Amino acid sequence: MAIQWYPGHMAKATRQMKEQLKNVDIIVVLGDARAVRRSIIGSFLEVIGNKRYCMVFNKSDLADEKAIEEWKVRFKEENIDAFFIDCMSKKGIKELLTHLSSLKERFRFDREVRVMIAGIPNVGKSMLINSIAGRASAQTGNRPGVTKGNRWVKVNKEFYLMDTPGVLTPKFDQEADGFVLASLGSVKDTVFDKEELALKVIEFMSEKYPALLKERYKLSELTTPIETYEQIGINRGFRSKGGIVDYDRTANIILDEFKNGKIGRISFDRVGDMDNEAE
Ligand SMILES: Nc1nc2c(ncn2[C@@H]2O[C@H](COP(=O)(O)OP(=O)(O)OP(=O)(O)O)[C@@H](O)[C@H]2O)c(=O)[nH]1
Ligand SMILES: [Mg+2]
């Protein structure tokens, strides 16, 4: 099953972002720290065109710390402006603002700087705006598709930030990209099969973070993903009438806990993977 989610409103939102570029000085492309490569989708590069931009990765409280450090080194080596932030504890936001202010000085803006915040659904665009503004001016929610249209928010004397709806791409470059973004909560959950996605999550965790998976679900050993799936249901006591495992409920719990970092801090994209692919 390939996951695709590109409803009409995303095509419209992408078009409207392009139309707004004339009113924008800088674009902040907001990605997910757990998927540094896959959360910056091609559509944004298309939107950005020749505009100044910087990459910001949110939810770094949920990402593998080692992976974050590796990415920081890589970005530095390549002279790319990239920031890792966490809107829950507001970590990294001050550094980001200092950077944006420095651009203001460098490019001699004699008025407020207008920054467009663009990114995939549910990555925390509206929450970032609220964190900077220090008030709940943009609507947020832990599901994709909360923000419906572009909206300017005056956050302080220096900046106007534009909240935009989350957008994806008409077609993911690789099937795995759809699974990754869906498991992070950026795809509407009615467009994929939850059991299949839960099995993909178990497969990924068994391979990359087996200790976290075992610990969370009290598993003494890991066998096949399907057996692990069943064992998680049993260990959690999710039974339907007649005593069989309630697979639906089990899948929901696994996906929910994974997405919200309850199983542990994980990262899908590693610097090393990219180097291997390039070889
Ligand atoms: N753990 C963690 N959760 C976060 C962080 N930032 C945002 N969230 C969660 O992500 C959810 C989505 O945040 P929003 O700001 O609504 O996301 P958005 O990018 O505006 O989403 P759309 O408008 O649907 O595209 C929030 O409800 C929080 O639960 C973060 O830094 N860490
Ligand atoms: Mg939003």
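Since this is a predicted model, take the numbers as computed values, not measurements. (Residues numbered from 1 in each chain as written. Chains lettered and ligands numbered in written order. Predicted model: local features only at pLDDT ≥ 70, side-chain atom pairs only at ≥ 80, totals over all residues.)

Its domain assignment divides the protein chain into domain 1 (8-163) and domain 2 (193-274). Centre-to-centre, using C-alpha coordinates, domain 1 lies 31 Å away from domain 2. Counting residues at the interface gives 13 residues for domain 1, matched by 9 residues for domain 2. In terms of residue class, the side of domain 1 that touches domain 2 is built from 6 nonpolar, no polar and 7 charged. (Domains from an automatic or database assignment. Contact = placed C-beta atoms within 7 Å. Nonpolar A, V, L, I, M, F, W, Y, C, P; charged D, E, K, R; others polar.)

A few words now on the packing of helix α9 (residues 225-236) against helix α10 (residues 247-259). Here α9 crosses α10 at 95°, and the two axes come no closer than 9 Å. Here α10 runs roughly perpendicular to α9, going by the angle between their axes. Residues Tyr229, Ile232, Gly233 and Arg236 of α9 touch α10, and the partners they reach there are Tyr247, Thr250, Ile253 and Ile254. Counted by class, the contact of α9 with α10 contains 5 nonpolar, 2 polar and 1 charged residues. (Axes fitted to C-alpha atoms, helices over the stretch in contact; angles between N-to-C directions. Helix = DSSP H or I, 4+ residues; strand = E, 2+ residues; numbered from the N terminus. Parallel < 35°, antiparallel > 145°, perpendicular 65-115°, else oblique.)

Note: strand β5 (residues 151-154) against strand β6 (residues 159-163), 4 bridges, orientation antiparallel. The residue of β6 that forms the bridge with Lys154 is Tyr160. Hairpin connection, β5 to β6: the antiparallel pair is bridged by 4 residues. (Pairing = 2+ DSSP bridges.)

Around ligand 1 there are 25 residues in total, and Gly124, Met127, Thr140, Thr147 and Gly166 lie nearest to it. A per-element tally of the shell around ligand 1 places helix α5 (residues 125-133) first, with 3 residues. Within the shell around ligand 1, the residues separate by chemical class into 9 nonpolar, 12 polar and 4 charged. (Near = placed C-beta within 6 Å.)

Closest axis-to-axis distance for the helix α7 (residues 194-208)/α10 pair is 9 Å, and the angle between their directions is 50°. By the angle between their directions, the pair α7 and α10 is classed as oblique. Pair α7 / α10 crosses with left-handed handedness. Residues Lys194, Glu195, Leu197, Ala198, Val201 and Ile202 of α7 touch α10, and the partners they reach there are Tyr247, Ala251, Asn252, Ile254, Leu255 and Phe258. Of the residues that constitute the contact of α7 with α10, the class distribution is 9 nonpolar, 1 polar and 2 charged. (Left-handed = near helix turned anticlockwise from the far one by under 90°.)

Read across the sheet, 6 strands follow the order β3-β2-β1-β4-β6-β5 without closing on themselves; strand pairing throughout is mixed. Looking along the sheet, the strands with just one partner apiece sit at the ends: β3 (82-84) and β5. Direction aside, neighbouring strands of the sheet carry axes that sit 25° apart on average. Inspection of the sheet shows strand β1 (residues 26-32) paired to strand β2 (residues 52-58) by 7 bridges, in the parallel sense. Bridge pairing links Asp32 to Asn58 in β2. α5 contacts β1, β2, β4 (113-119), β5 and β6 of the sheet and is inclined by roughly 160° relative to β6.

Tracing the sequence through the fold places Glu230 in helix α9. Look at Glu230 and you get partly exposed, because 16 C-beta atoms sit within 10 Å. The spacing of Glu230 and Asp246 is 16 residues in sequence and 8.9 Å in space, taken between C-alpha atoms. (Buried ≥ 20, exposed ≤ 12 C-beta atoms within 10 Å, placed from the backbone.)

What follows covers helix α6 (residues 175-183). Burial analysis of α6 places 7 of its 9 residues in the buried class, the great majority of the element. The complete set of buried residues in α6 reads Asp177, Gly178, Phe179, Val180, Leu181, Ala182 and Ser183. Following α6 by one or two positions, Gly185 adopts a phi angle in the positive range, close to 95°.

Another point: the nonpolar core. Among the nonpolar cores identified, the biggest contains 66 residues, and Val29, Ile117 and Ala118 are the most heavily contacted of them. Residue contributions to this core reach at least three from each of two domains, namely domain 1 (8-163) and domain 2 (193-274). Leave out the neighbours within four places in its chain, and Ala118 touches Met17, Ile27, Val29, Leu30, Phe44, Val47 and Thr164. (Core = buried A, V, L, I, M, F, W, Y, C linked by C-beta atoms within 7 Å.)

Looking now at the environment of Phe109. Here Phe109 shows up in the loop between α4 (93-106) and β4. The partly exposed category is assigned to Phe109, around which 14 C-beta atoms lie within 10 Å. C-alpha of Phe109 to C-alpha of Asp25: the two residues are 84 residues apart in sequence and 9.1 Å apart in space. Other than its neighbours up to four places away in sequence, Phe109 contacts Asp25 and Lys104.

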